[in-house]
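# Inside the fold
Spelled out from the first residue to the last, the chains are:
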Amino acid sequence: MSIIMISRGAHHRGKEVAEKIALMLGYECLSRDILLEASLKYDAPEVKLKKSMERAPNFLEKLGFEKEKYIAYMQSALLSRLKKDYIVYHGLAGHIFVQNVAHVFSVRLTVDIKDRVKYCMESEQVAEDEAYVMLYKLDAQRKKWGLYLYGVDITDPDQYDMVININRLSVDEAADIIYSTVQLEKFQTTAESRQKMEDLVMEAEVKAVLMNIKPPKDVSAHNGIVSVQVQAGMFQNENIEGMVEALSRTVDGVKEVRTDILPYIQPFE
């Protein structure tokens, strides 16, 4: 059992490769499905969830937690599905959420800009110049997104187990390469890697349920024990700790909640 995460820029052939490899392996293929699941689970607008995964926050968004909230919802929805294994996911930066899970095989697909422009012109019905501008803006926003939120350059090949340039490859040939590689023992699920995934799912779900009342500074989980760090004023500690524990325990599998209150110090004017 494995999970395959396929990362690609806008207007690549990533969707076709993902669908082909999923068919070959008998796996489920996921992408935009996660938007709908997150929207239904957390009663959040799909358009805001989509934007949260495509561009870095603007000035006003940096002053609040709205963008982080929607990313937390997306992360929770995605990890909940990945927990089942036998999945091929193609979409922006999904691999960031599962970097330390051994049975995840992450692949980056690259293609010549001229091919991307041609694909963009056909799919978006735009002129060549407009296609170049669209791709430049999309690539810049996605790179900025990864750097701002996670300190990760999503175009860096070191982020992936494999990088495939598909300029000279057909969809079938690219899928064959992935199919052969994912059979390696190192990408098969073990008890340890399964536990790691279950811990990540719990961390993501606890963070998501806390976002509306007190966005946590950090959440970690292991074997049902959850540790949460939150900031609060000196007279809020008891109320905050109670709310954090009550909400965290609504997540399936949580056995114990350890809350660490970090003092919030109001800066002097």
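Above this text sits the structure in question.
Note that the structure is a prediction, hence the values are computed from the model and not measured. (Residues numbered from 1 in each chain as written. Predicted model: local features only at pLDDT ≥ 70, side-chain atom pairs only at ≥ 80, totals over all residues. Heavy atoms only, no water.)

Reading across from one edge, β6-β7-β8 is the order of the 3 strands in this open sheet, with mixed pairing throughout. Of all strands in the sheet, those bounded by a partner on one side alone are β6 (218-222) and β8 (256-263). Adjacent strand axes in the sheet meet at a mean angle of 15°, parallel and antiparallel pairs treated alike. Pairing analysis gives 8 bridges linking strand β7 (residues 225-232) to β8, with the strands arranged parallel. (Pairing = 2+ DSSP bridges. Helix = DSSP H or I, 4+ residues; strand = E, 2+ residues; numbered from the N terminus. Axes fitted to C-alpha atoms, helices over the stretch in contact; angles between N-to-C directions.)

Before going further, it helps to spend a moment on the sheet that holds strand β2 (residues 28-30). With parallel pairing, the 5 strands of this open sheet are ordered in space as β2-β3-β1-β4-β5. The open sheet is flanked by β2 and β5 (162-165), the only strands paired with a single partner. On average, each strand axis in the sheet is inclined to that of its neighbour by 20°, with strand direction left out of account. One ladder, built from 3 bridges, connects β2 with strand β3 (residues 87-90); its direction is parallel. Looking across to β3, one finds that leucine 30 is bridged to tyrosine 89.

Count 3.6 residues to each turn of an α-helix, and residues three or four apart come out pointing the same way. Helix length check: helix α6 (residues 113-124) (12 residues) gives 16 Å between terminal C-alpha atoms against 16 Å at 1.5 Å per residue, within 8%. At its buried positions, α6 is contacted by α7 (128-150). Backbone nitrogen of lysine 114 and a side-chain oxygen of the N-cap are separated by 2.8 Å at the start of α6; the cap is aspartate 112. Directly beyond the C-terminal end of α6, a positive phi value near 55° is found at glutamine 125. (Expected span 1.5 Å × (residues − 1). Contact = heavy atoms within 4.5 Å. Polar contact = N/O pair within 3.5 Å; in protein donor to acceptor, adjacent residues only side chain to side chain.)

The next point concerns the packing of aromatic side chains. For the coordinates displayed, the defined rule picks out 4 aromatic pairs. With 4.4 Å between their ring centres and 5° between their planes, tyrosine 42 and tyrosine 73 make a pair best called stacked. You can see tyrosine 42 sitting in helix α2 (residues 33-42) and its partner tyrosine 73 sitting in helix α5 (residues 66-82), a full 31 residues away along the chain. We note that tyrosine 42, like tyrosine 73, is buried. Ring pairing ties together the aromatic residues Tyr42, Tyr70 and Tyr73, which thus form one cluster. (Phe/Tyr/Trp six-rings, centres within 6.5 Å; stacked < 30°, edge-to-face > 60°. Buried < 20%, exposed > 50% of the residue type's maximum accessible area, 1.4 Å probe, protein only.)

If you look at the biggest cluster of nonpolar residues, it comprises 36 residues, and the most contacted ones within it are Met5, Leu49, Leu79, Leu82, Val98 and Met197. At the level of elements, β1 (3-8), α2, α5, β3 and α9 (191-210) are the ones that each hand at least two residues to this core. The leading source of residues in this core is α5, at 8 residues. Other than its neighbours up to four places away in sequence, leucine 49 contacts Leu35, Ala38, Ser39, Ala44, Tyr70, Tyr73 and Met74. By size, the runner-up hydrophobic cluster in this structure holds 21 residues, among which are Ile4, Val17, Val88 and Phe187. (Core = buried A, V, L, I, M, F, W, Y, C linked by side-chain atoms within 4.5 Å.)

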